[in-house]
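Examination of the molecular architecture
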Amino acid sequence: MPPATLEVNDAVVRCLVRDQRPDLAGRPLVRVTNGWDNATLRLGDDLAVRLPRRAEAVPLILHEQRYLPGIARRSPVSVPVPVHAGRPTSDFPWPWSIVRWVPGAAAADVGPAGRGPAAESLADFLLALHVPAEPGVPVNPVRGVPLLERDAAVGERLRDRARYPQAAALGAVWAQARAAQAWDGPSMMLHGDLHPGNVLLADGGSLAGVIDFGDVGAGDPAVDLAVGWLMFDAAARHRFMDAFGPAVEGDTWLRARGWALILSTALLSNSDDNPRMFSVGEFGIRQILEG
């Protein structure tokens, strides 16, 4: 994981909440995770505090504050909609958020068989999310862009033959994805970072919610459809794909498989200190090679 630009301790978070939302100051505060970009602390039963831990993540918090309310209105499942846009202070110089807590177990912590029941409902979520983006929605330079713009990064990763003994087969998958017709529709609203760590499941495996919208933006929806390889085995992935019907055509699925390769190799090449996400990358590679 990248190092934090600013370590956020619990005492500072308590002060931020007390000063800006005194009505919430008496709630228990429990640290949940330090992600690549943000620290998340649970605030009572139904809220969470989300703060950037790197300077690069500051715009991502602002994007969540701007776009999540609209996404929440059309989403068929829970998302962490902001309820307070925190102001910078002398103790914490960046914007931060209080958001709705979305309960559920991360799909990354559930075996592939336990994820299968979410296939159709995750497709429904993406069908609701993927609407034409309004002017001004940000374009992430590494998500939802034409695949050729990620060619150098993929090539560099696959040259690591110790990490990728299947590099030749993966290179053939990548060539097929690059040859697919480029997205020529309107820029669509995207989650941008949809993988099993950001998909929450209820008991029985049904979809409970989707979290971590820091990479929300506009572009090719194939980047989000890549979750079909990162999350599902072949049988569940076919159900996931079938749920879109004619709304998604074949070249988009080819690009989605290419995005699954991009995301899986990013996880495998950068998660030596994070076994949970390393295993997501390994699973994705296996599914990509199955087809």
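In the block above lies the structure referred to throughout.
This write-up is about the structure you can find in this document. All residue numbers here refer to positions counted from 1 along the written sequence of the relevant chain. Local features in a predicted model are, by the rule used here, given only for residues with pLDDT of at least 70; side-chain atom pairs are given and counted only at 80 or more, and totals for whole chains, interfaces and linings are based on all residues. The side-chain figures draw on all heavy atoms in the structure; neither hydrogens nor water molecules are used.

**Quick notes on the overall build of the protein chain**
Within the protein chain, the secondary structure is distributed over eleven helices and ten strands. Atoms considered for the radius of gyration are the C-alpha atoms alone. The globule rule reads 2.2 Å times the number of residues to the power 0.38. Over its C-alpha trace the protein chain gives a radius of gyration of 19 Å, about what one expects of a compact globule, namely 19 Å for 291 residues. Projected onto the principal axes, the alpha-carbon positions of the protein chain cover approximately 55 × 40 × 40 Å. The buried label applies to any residue whose accessible area, calculated with a 1.4 Å probe on protein chains only, is under 20% of its type's maximum; exposed applies above 50%, and partly exposed to all values in between. Expressed as a percentage of its 291 residues, the buried residues of the protein chain come to 52%. In this text, helices come from DSSP runs of H or I with a minimum length of four residues, and strands from runs of E with a minimum of two, each type numbered from the N-terminal end.

**Focus: the side chain of Arg143**
Relative to the helices and strands, Arg143 resides in the loop between helix 4 (119-129) and helix 5 (151-158). The class for Arg143 is buried, based on a relative accessible area of 17%. Here Gly192 takes part through its backbone oxygen, which lies 2.5 Å from a polar atom of the side chain of Arg143. Polar contacts, as used here, are pairs of N or O atoms within 3.5 Å; protein pairs need one atom able to donate a hydrogen and one able to accept it. Residues neighboring in sequence count only if both atoms are side-chain atoms. Here the side chain of Arg143 touches Asp193 through a polar contact of 3.2 Å, side chain to side chain. Residue contacts are counted whenever heavy atoms from the two residues lie within 4.5 Å of one another. Dropping the residues within four chain positions of it, Arg143 is found in contact with Gly192, Asp193, Asp215, Val223, Trp259 and Leu263.

**So, the packing of helix 5 against helix 6 (residues 167-179)**
Orientation is described by axes fitted as lines to C-alpha atoms, over the contacting stretch for helices, and by angles from 0 to 180 degrees between their N-to-C directions. For the pair helix 5 and helix 6, interaxial distance at closest approach is 10 Å and the crossing angle is 170 degrees. Considering the angle they form, helix 5 stands roughly antiparallel to helix 6. Contacts between helix 5 and helix 6 involve Asp151, Val154 and Leu158 from the former and Ala167, Leu170, Gly171, Trp174 and Arg178 from the latter. Orientation categories follow fixed angle ranges, with anything under 35 degrees roughly parallel, anything over 145 roughly antiparallel, 65 to 115 roughly perpendicular, and all other angles oblique.

**Re the sheet that holds strand 5 (residues 96-100)**
Two strands pair under a simple rule: DSSP has to find at least two bridges between them. Read from one edge to the other, the open sheet built from five strands follows the order 1-2-3-5-4, with strand pairing classed as antiparallel. Edge positions in the open sheet fall to strand 1 (29-34) and strand 4 (82-86), since each of these has one partner strand only. In this sheet, adjacent strand axes meet at a mean angle of 20 degrees when their direction is disregarded. Running over the sheet, helix 2 (residues 58-74) touches strand 2 (38-43), strand 3 (47-52), strand 4 and strand 5 and is turned about 145 degrees from strand 4.

**Notes on the nonpolar core**
The set of buried Ala, Val, Leu, Ile, Met, Phe, Trp, Tyr and Cys residues whose side-chain atoms join them within 4.5 Å is what this entry labels a nonpolar core. Core analysis: the largest hydrophobic core is formed by 57 residues, its most contacted members being Leu122, Phe125, Leu126, Met231 and Phe240. Looking at this core element by element, the count peaks at eight residues for helix 10 (residues 250-270). The next biggest cluster of nonpolar side chains, apart from the first, holds 17 residues, and it includes Val8, Val58, Trp94 and Trp96.

**Concerning the side chain of Thr265**
With respect to the helices and strands, the residue Thr265 is situated in helix 10. Here the side chain of Thr265 touches Ile262 through a polar contact of 3.0 Å, landing on its backbone oxygen. In this structure Thr265 touches Arg157, Leu158, Tyr164 and Ile285, once residues within four positions along its chain are discounted.

**What about the pattern of salt bridges?**
Any two side chains of opposite charge can pair, so long as their charged atoms come close to each other. Each salt bridge in this description consists of a side-chain nitrogen of Lys or Arg and a carboxyl oxygen of Asp or Glu lying within 4 Å of one another. Evaluated as defined, the whole model comprises 18 salt bridges. Salt-bridge contacts for Glu134 lead to Arg66; the nearest nitrogen and oxygen are separated by 3.9 Å. Here the residue Glu134 occupies a position in the loop between helix 4 and helix 5, and Arg66 occupies one in helix 2, the gap between them amounting to 68 residues. Judged by its relative accessible area of 54%, Glu134 is exposed. Here Arg239 ties to Glu120 by a salt bridge, and the two come within 2.9 Å at their closest N and O atoms. In this pair, Arg239 is assigned in helix 9 (residues 234-242) and Glu120 in helix 4, connecting sequence segments 119 residues apart.

**Considerations on the packing of aromatic side chains**
Note on aromatic pairs: the rings of Phe, Tyr and Trp (six-membered ring only in Trp) are paired at centre separations within 6.5 Å, and the planes decide the class, stacked below 30 degrees, edge-to-face beyond 60, tilted for the rest. Under the criterion given, the structure shown has seven aromatic pairs. Ring geometry for Phe125 against Phe213: centres 6.5 Å apart, planes inclined by 75 degrees, an arrangement best described as edge-to-face. Residue Phe125 is located in helix 4, and its partner Phe213 is located in the loop between strand 9 (207-210) and strand 10 (217-219); the two are separated by 88 residues in the primary sequence. For the pair formed by Phe125 and Phe213, the shared burial category is buried. Each ring, one from Phe232 and one from Phe240, has its centre 5.5 Å from the other, and the planes form 45 degrees; the classification is tilted. The rings of Trp229, Phe232, Phe240, Phe244 and Trp253 are connected pair by pair, giving a single aromatic cluster. Definition used: whenever NZ (Lys) or CZ (Arg) falls within 6 Å of the ring centre and also within 35 degrees of the ring normal, the charge is taken to sit over that ring. One residue, Arg115, lies across the ring of Phe283, its end atom 5.0 Å from the ring centre.

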